[in-house]
Amino acid sequence: VSINRSLFVLRKVVVALAKGESGARRHLPYRESKLTALLKDAIGGNSYTLMFACLSPLDRSVDDNLSTLQYATLASSIRTDPTVNMDPKTALIIQLKRRIGELEEELAAALEKIHYLSKAQG
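Bear in mind the structure is a predicted one, so any value in this text is a computation, not a measurement. (Residues numbered from 1 in each chain as written. Predicted model: local features only at pLDDT ≥ 70, side-chain atom pairs only at ≥ 80, totals over all residues. Heavy atoms only, no water.)

### A word on the layout of surface pockets
What the largest pocket holds in volume is close to 490 Å³. Around the largest pocket, the lining is made up of 18 residues, and of these I43, T49, L50, M51 and A75 lie nearest the centre. Elements with a contribution of two residues or more to the lining of the largest pocket: α1 (2-19), α2 (34-44) and α3 (62-76). With 4 residues, the top contributor of residues to the lining of the largest pocket is α3. Looking at the lining of the largest pocket, its residues break down into 13 nonpolar, 4 polar and 1 charged. (1 Å grid on protein atoms, 1.4 Å probe; cavity = no way out; pocket = protein on both sides within 12 Å on 5 of 7 lines; lining within 4 Å. Points joined across faces, edges and corners; volume = space filled by probe spheres on them. Helix = DSSP H or I, 4+ residues; strand = E, 2+ residues; numbered from the N terminus. Nonpolar A, V, L, I, M, F, W, Y, C, P; charged D, E, K, R; others polar.)

Here it is, written out as C-alpha cells:
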C-alpha cells in the first residue's frame, strides 16, 4: 500500500512540474511520501536526472507499455536549471586564480612590449 501511495504522489509531483506552473500558486507535494521527499532534488531541483522506462515485449502488456510511455513523455517535459553548488570561499579562490592568470598574461604582454621597444631604441 505504501509503495502505491508513493508512486501516486510521485505522479502528482511529475504532473505539477511538467505543467511548469510558477509563482505562489504552485504546490508540489514532495512531503506527502518518503519517495518524493528523497527524490525532491533529483526531479525538481538542482540536478540532471535520467529516467528509464522499462517496457514488456508481451502482447498482453500493451496497456501498461502505453501508460509507461505516456508517463515517460510527461516526465521528459520537466525542465530544471542545474548549477554547481559551491562554497563561497571556493568560488572566491577560483575567481582570484582566474584573475591572477589574466594579470600574468597582461604582465607577459607588457614585458614583451618593453623588450621590443628597448630593442628598437638600441
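Alright, that's what it looks like, and here's the rest.
### Thoughts on the side chain of S33
Among the structural elements, S33 can be located in the loop between α1 and α2. Among residues more than four places away in sequence, those in contact with S33 are S6 and V9. (Contact = heavy atoms within 4.5 Å.)

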